[in-house]
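Here are the chains, one letter per residue:
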Amino acid sequence: MIATGFAVTTLLLSVALGKSARRNKIKDSPYECGMLPIGESQPRFSVKFYLVAMLFVIFDIEVVFMYPWALTFRDFLARDQAAMVFWSMSGFVGILLVAYLYALKKGALSWES
Amino acid sequence: MLPYYLEICVVVLGSLMLCMELFAGRRSRAKIAMVGVAGLGVIFALLMFAVCSPGEDLQYWGIYHFDKWAAFYKGLALISTLLVLVMAREFAPVFKHYTSQDEEKSGIGEFYCLPIFVCSGLMWMASAKDLVTIFVSLELVTMGFYVLVAFMRRNVGSLEAGVKYLILGALSTGFLVYGIAWTFGVSGTFNLEELSVVLAGDDIPSAPVMFAFALLIAGIGFKIAVVPFQIWVPDVYQGAAMPVTAYLSVASKAAGFIVFLRVVDPFLAAPSIREPAIYLMVFVTCATLIYGNLAAIAQKNIKRLLAYSSIAHAGFLLMALPALGAAGTIAGPGPESAISFYLAGYLLMTLLCFLVLTVVRVATNGEDLTALEGLGKRSPFLAFAMLVGVASLAGIPLTVGFFGKFFLFNIAIQNAMQNGLWIVVFLAVLGAATGFYYYFKIIRAMYWEGSVSEGEVTGLKVGRLAMLAIILLVVAVFFFGIFPAPLLGLTL
Amino acid sequence: MTIIDLIIIIPILAAVAIGCGGSARVLALAAAWANLLLGLVVFVTLVAKGGDEMHFKSSWVLLHSPELTLGFAVDGMSGVLVLLTVIVTFCAVRVSSGDLGKGSGKLYYISLLLIAAGALGAFCATDLFFFYAFHELALIPTFLMIGIYGNGREKVATAWKITIYLGVGSLILLGGLIALYVSLSPPGAPTFDIAKLAPSPGEHPLSAEVQKWIFLPLLVGFGILVSLFPFHSWAAPAYAAAPTPVAMLHAGVLKKFGLYGMLRVAMPLLPEGFEAWKGLLLVLLLGNILYVGLVTISQRYLDRMIGNSSVMHMGYIFLGIACCNSIGWGGAVLMMFAHGISIALLFALCGSLRERLDTLEISRLGGLGGSMPFLAVTFGFAAFASIGLPGFANFASEITIFFAAFKDAGEMGILQVATILALWGVVISAVYMLRAYRSIFQGELIGERYPADLAQSMRLPVVLMIVILLLTGFFPNIILKLLPNLFEVL
């Protein structure tokens with residue numbers, strides 16, 4: 001009873017109170033007091049943007065990976081495992097370097113071609 | 001020499017090849033594949049001779065194990081990658097046709113490099129005994145395959161295969177991660193050895209463990225193509241380039257199986273969920289056997305046929321699983337040995353078939369069964385090699401495929417004698433009999449069909465390296481089909 | 001390397017040599033000659049030394065657990081079958097000259113030699129595994145031979161049928177063999193060695209119930225391979241479609257593998273298992289003799305008729321096996337030999353008729369005896385042998401089997417009833433064989449052509465086979481003497 005009553009009441013109230021405002025073209029535009037939007041809502045970007053963005057994300061994440069490494073480096077130093085930790089990060093950076101060279105040489109970073 | 005240097009060597013080799021592709025001149029660039037083949041050969045030699053005896057069980061940081069299985073599957077990964085490179089070299093003309101005639105733009109150099117990186121992932125998988133390591137290495141492999149499958153960018157089929165593989169692969173990854181999360185939630189550990197201790201305890205709630213188990217099976221089942229996670233297999237196998245298909249069906253499956261064995265083992269060892277887990281496995285096995293074998297009958301495209309046959313083979317392999325954890329009662333090689341032996345044999349015969357098919361593909365531009373017609377006259381040697389491969393897949397005696405099936409049936413029948421699940425044996429017998437039909441269809445195409453007029457009787461061109469590989473594989477299929485001991489000894 | 005190893009390896013080597021570019025027919029003939037001589041040497045040695053024990057043993061251990069040895073040896077029973085194989089192989093290679101319309105014939109001879117090698121290996125293997133494996137080896141060559149060189153419009157369907165049938169049969173058999181070796185092996189030492197699996201007399205490690213259920217897949221598996229009723233429908237069309245030498249080898253030799261398996265593996269290792277299914281087996285073999293016999297009478301084509309008659313005679317051999325005494329089993333082995341030779345002879349003659357005539361439909365042939373007297377006479381011999389007229393080995397073996405069934409019979413059991421019913425089979429075979437003979441060779445010549453008589457090259461093998469049939473028919477003891485004490489297990 002209460003539940004049904006509540007539902008009916010809210011529905012009726014929303015009809016009674018929720019009068020929609022006046023509509024016109026200005027009101028319907030995305031930014032009522034801004035610039036008028038021009039063109040399509042989903043313009044085409046050059047695929048180069050994606051390439052750059054992807055490369056950015058990859059290298060960014062890999063740099064993030066180095067922070068915890070740098071933070072724990074002292075602990076490993078204390079435990080006399082510095083060589084292992086150092087070389088593993090070197091390997092990581094080495095692979096990164098090859099990947100970077102690859103991207104560079106293949107022209108992924110040159111905007112013109 | 002420490003075992004994980006092997007993976008480092010492989011990665012270094014891959015990077016080296018990539019640098020060659022970048023900086024070397026046109027002439028030395030042609031040798032990238034040769035460098036890869038030679039490098040992998042050297043690393044395989046290192047695995048055989050330089051790394052410590054696999055009798056010991058070495059552990060590093062709790063996430064990397066090196067035992068006999070690890071060594072065995074690393075060997076499989078190396079050999080299959082090596083042969084795939086040989087195949088890719090042979091396949092280059094078709095490949096250029098669908099990308100670009102220009103050597104540099106065709107990306108063929110990268111096509112040689114990627115399998116090397118995938119190989120490092122496969123080798124790492126063989127050593128992973130920790131759910132996180134398993135996940136990371138599995139992803140390394142899958143990422144490589146995402147690219148490889150879609151590599152022929154001007155071929156619609158290849159692109160379609162790429163998209164399918166990507167989407168379904170991502171889905172299965174989701175299952176796997178979710179399963180790992182549940183497992184960790186229940187047991188509080190990622191390490192499989194600790195996991196088996198925890199699961200063996202009495203106070204483990206069986207429902208969430210079963211749930212985690214099912215999710216893990218779904219995740220890894222995708223890699224080894226068992227029903228109902230096989231949907232991607234036919235399309236991807238058909239669409240991908242021939243060497244990639246071979247690589248998928250052999251290396252990805254082998255590595256998937258070692259992981260599968262390692263993950264399933266602690267669950268089957270746990271008394272509280274052993275029984276439902278086995279029933280789940282039996283259900284999957286039966287479905288895989290039925291689906292793979294029946295669907296293969298109607299195929300006209302060879303790659304698609306081999307795709308379904310690869311599903312069927314996964315079904316045969318799964319037969320041995322219920323014997324896991326019931327150790328000491330099996331006469332003959334245990335389930336792990338039988339599966340490993342079968343996978344090694346499967347590698348030999350499948351790669352043999354694909355090598356021949358690659359040659360035929362390059363020469364005739366066809367992948368349907370009709371492309372093989374008259375091969376018996378055009379090139380008796382290739383036809384014979386294909387005959388050997390197919391006979392072995394069908395499980396004709398005195399080939400390695402027969403011993404593989406034999407060991408698996410041996411286990412399945414002994415299982416059935418204990419637990420009464422004869423349905424598996426029954427379906428496997430039916431499946432193997434069906435196999436005769438669809439494998440013999442290939443033989444029929446080669447020898448019965450196709451009247452080649454006199455002028456056409458010319459041998460197909462086969463590269464020297466590919467020829468050598470084919471001969472070696474034929475010899476190996478026969479050799480291990482008569483003397484299985486050397487190969488089986490590695491897995492015992 | 002013993003003489004037996006040589007016999008098995010010669011055809012394989014010859015096949016390899018042909019594949020590498022040797023002259024196909026010369027090599028195949030050389031291998032067949034060599035094998036024939038070696039087979040005779042083996043047989044003579046066995047006669048001299050007695051057939052009770054294994055001779056010419058050789059073995060290479062391939063695996064230790066489960067124990068797997070590539071080993072060969074012969075005793076009396078396998079010696080007889082080896083002799084049969086080399087004779088039929090020789091004749092098959094000799095007669096296969098006219099068949100080669102298509103291709104270079106390389107594949108043809110390779111397949112032929114591999115079928116022979118498979119049969120020889122299976123008969124001589126001392127190891128359960130290779131016993132099975134060698135037989136399977138013949139599957140692909142048979143498939144190729146029927147598919148490529150076969151005759152008739154239905155050859156494709158027939159090739160599939162025989163392959164699937166035999167494939168399924170072998171797989172069922174494999175299941176049974178695995179169950180057998182698992183349960184009979186000494187504890188902790190699984191082995192495939194047939195000798196080591198044999199239970200010591202009097203104390204069988206398995207209960208009757210277990211034996212019963214292991215015996216069933218063996219019976220069905222072997223039964224399919226031997227075309228036991230109701231699994232017989234592959235045989236006649238396959239022999240009709242197969243090229244002559246393949247029909248000779250398959251019907252004459254390879255089909256004996258299943259019977260040999262019954263005698264070598266199923267019966268001695270699982271005696272109580274047999275008892276459980278004895279009634280069923282008797283009913284099925286009567287199906288072979290009577291039902292298939294009647295089917296044979298109604299055949300319209302000569303090749304189908306001969307194929308069906310071969311299926312029918314399998315029933316007698318099963319009857320001999322079901323007698324479960326040394327006389328019956330001796331008779332069964334003798335019958336395998338006699339039937340192998342006589343059916344090969346019939347197929348050889350039928351093949352040469354096919355080459356000369358447009359049709360093999362019996363009602364459209366007639367009066368051929370006039371233009372081809374040699375063929376008519378030899379076909380007559382073959383037909384009489386097949387019916388089992390006295391003087392031929394077939395008669396000796398049939399009579400042995402019938403006596404064996406009544407050997408210890410104090411009263412009428414099912415075996416004796418079955419035997420009496422089976423006797424009618426002799427009448428049936430007389431009906432179809434004589435009718436066919438009369439219709440084809442006697443009476444008015446139908447048609448205008450006068451076909452040529454049997455080619456010179458065919459005469460040696462044909463005469464050889466007839467002589468052997470007569471020889472063993474008058475002196476069946478040559479063979480029977482090798483057999484009696486084989487089966488002391490019972």
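Residues numbered from 1 in each chain as written. Chains lettered and ligands numbered in written order. Predicted model: local features only at pLDDT ≥ 70, side-chain atom pairs only at ≥ 80, totals over all residues.

### Considerations on the overall build of chain A
Operational definition: A run of DSSP states H or I qualifies as a helix once it reaches four residues; a run of E qualifies as a strand once it reaches two. Both are numbered from the N-terminal end. Put simply, a residue is buried when 20 or more other C-beta atoms lie within 10 Å of its own C-beta and exposed when 12 or fewer do; between those, it is partly exposed, and each C-beta is set from the backbone.
Within chain A, the regular secondary structure consists of 4 helices and 0 strands. Taken from N to C terminus, the helices and strands of chain A fall in the order α-α-α-α. Principal-axis analysis of the C-alpha atoms gives chain A an extent of 75 × 50 × 25 Å. In chain A, which comprises 113 residues, the share counted as buried stands at 0%.

### What to know about the packing of helix H15 (residues 335-364) of chain B against helix H17 (residues 380-394) of chain B
When two helices pack together, their arrangement is captured by the angle between the axes and the distance separating the axes. Residues and elements named next belong to chain B. What counts here: In this analysis an axis means a line fitted to C-alpha atoms, helices contributing only their contacting stretch, and an angle means the value between N-to-C directions, from 0 to 180 degrees. Left-handed describes a crossing in which the near helix is turned anticlockwise from the far one by less than a right angle; the clockwise case is right-handed. Remark: residues whose backbone-derived C-beta atoms lie within 7 Å of one another are considered to be in contact. Residues are sorted three ways: Asp, Glu, Lys and Arg are charged, Ala, Val, Leu, Ile, Met, Phe, Trp, Tyr, Cys and Pro are nonpolar, and all the rest, Gly among them, are polar.
Put simply, H15 and H17 touch, their axes get as near as 8 Å, and they point 145° apart. Remark: the crossing between H15 and H17 carries left-handed chirality. When H15 is examined against H17, the residues Met349, Leu352, Cys353, Val356 and Val359 are found in contact with a partner set consisting of Leu382, Ala385, Met386, Val388, Gly389, Val390, Ser392 and Leu393. The residue inventory of the contact of H15 with H17, partitioned by class, reads 11 nonpolar, 2 polar and no charged.

### A closer look at the interface of chain C and chain B
Of the residues lining the interface, 27 residues belong to chain C; the matching set on chain B comes to 27 residues. In terms of residues, the side of chain C that touches chain B owes the most to one element, helix H7 (residues 155-184) of chain C, which gives 11 residues. Its residues assigned to classes, the side of chain C that touches chain B comprises 20 nonpolar, 6 polar and 1 charged.

### Structural notes on the environment of isoleucine 63 of chain B
Residue placement: isoleucine 63 of chain B occurs in the loop between strand S1 (58-60) and strand S2 (64-66). Judged by the 18 C-beta atoms lying within 10 Å of it, isoleucine 63 of chain B falls in the partly exposed class.

### Notes on the confidence of the model for chain A
What counts, and what does not: For every residue, the predictor reports its confidence as pLDDT, a number between 0 and 100.
Here chain A shows a mean pLDDT of 83. Residues at 70 or above account for 97%. The least confident element of chain A, judged by mean pLDDT, is helix H2 (residues 25-28) of chain A at 74; the most confident is helix H1 (residues 2-17) of chain A at 88.

### Considering the arrangement of the chains
Counting contacts across all 2 pairs of chains that touch, the top pair turns out to be chains B and C. Across the gap from chain A to chain C, with no contact made, the nearest C-alpha atoms are 44 Å apart.

### Considering the pairing of strand S2 (residues 68-74) of chain C
Residue and element names in this part refer to chain C. Rules: A strand pair is defined by DSSP finding two or more bridges across the two strands.
Of all 7 residues in S2, 6 are buried, a share of seventy percent or more. Pairing analysis gives 6 bridges linking strand S1 (residues 55-63) to S2, with the strands arranged antiparallel. Note on S2: the bridge partner recorded for serine 59 is glycine 71. Hairpin connection, S1 to S2: the antiparallel pair is bridged by 4 residues.

### Thoughts on helix H14 (residues 302-322) of chain C
All names here are of chain C. Applied cut-off: Expected span of a helix: the number of residues minus one, times 1.5 Å.
Here H14 is 21 residues long and its end C-alpha atoms lie 31 Å apart, about the 30 Å a rise of 1.5 Å per residue gives. Of all 21 residues that make up H14, 21 are buried, and the element is covered over most of its length. Positioned one or two residues after H14, cysteine 324 has a phi angle of 60°, which is positive.

### Concerning the interface of chain A and chain B
Counting from both sides, the interface comprises 5 residues of chain A and, opposite them, 5 residues of chain B. Of the residues contributing to the side of chain A that touches chain B, the split by class is 4 nonpolar, no polar and 1 charged.

### Quick look at the environment of aspartate 5 of chain C
All names here are of chain C. For aspartate 5, the location among the structural elements is in helix H1 (residues 3-19). Accessibility expressed as a C-beta count within 10 Å gives 16 for aspartate 5, which makes it partly exposed. When the C-alpha atoms of aspartate 5 and alanine 73 are compared, they prove to be 8.6 Å apart, with 68 residues separating the residues in sequence. Beyond its immediate sequence surroundings of up to four residues, aspartate 5 is in contact with Ser58 and Phe72.

### Overview of helix H17 (residues 393-405) of chain C
Residues and elements named next belong to chain C. Taking 1.5 Å per residue as the helical rise, H17 with its 13 residues ought to reach 18 Å, and the 19 Å between its terminal C-alpha atoms agrees with that figure. With 11 of its 13 residues buried, H17 lies for the most part within the structure. Those residues of H17 that fall on the buried side of the exposure criterion are Ala393, Asn394, Phe395, Ala396, Ser397, Glu398, Thr400, Ile401, Phe402, Ala404 and Ala405. Its buried side turned inward, H17 meets H14, helix H15 (326-356), helix H16 (373-387), helix H18 (414-441) and helix H19 (456-474).

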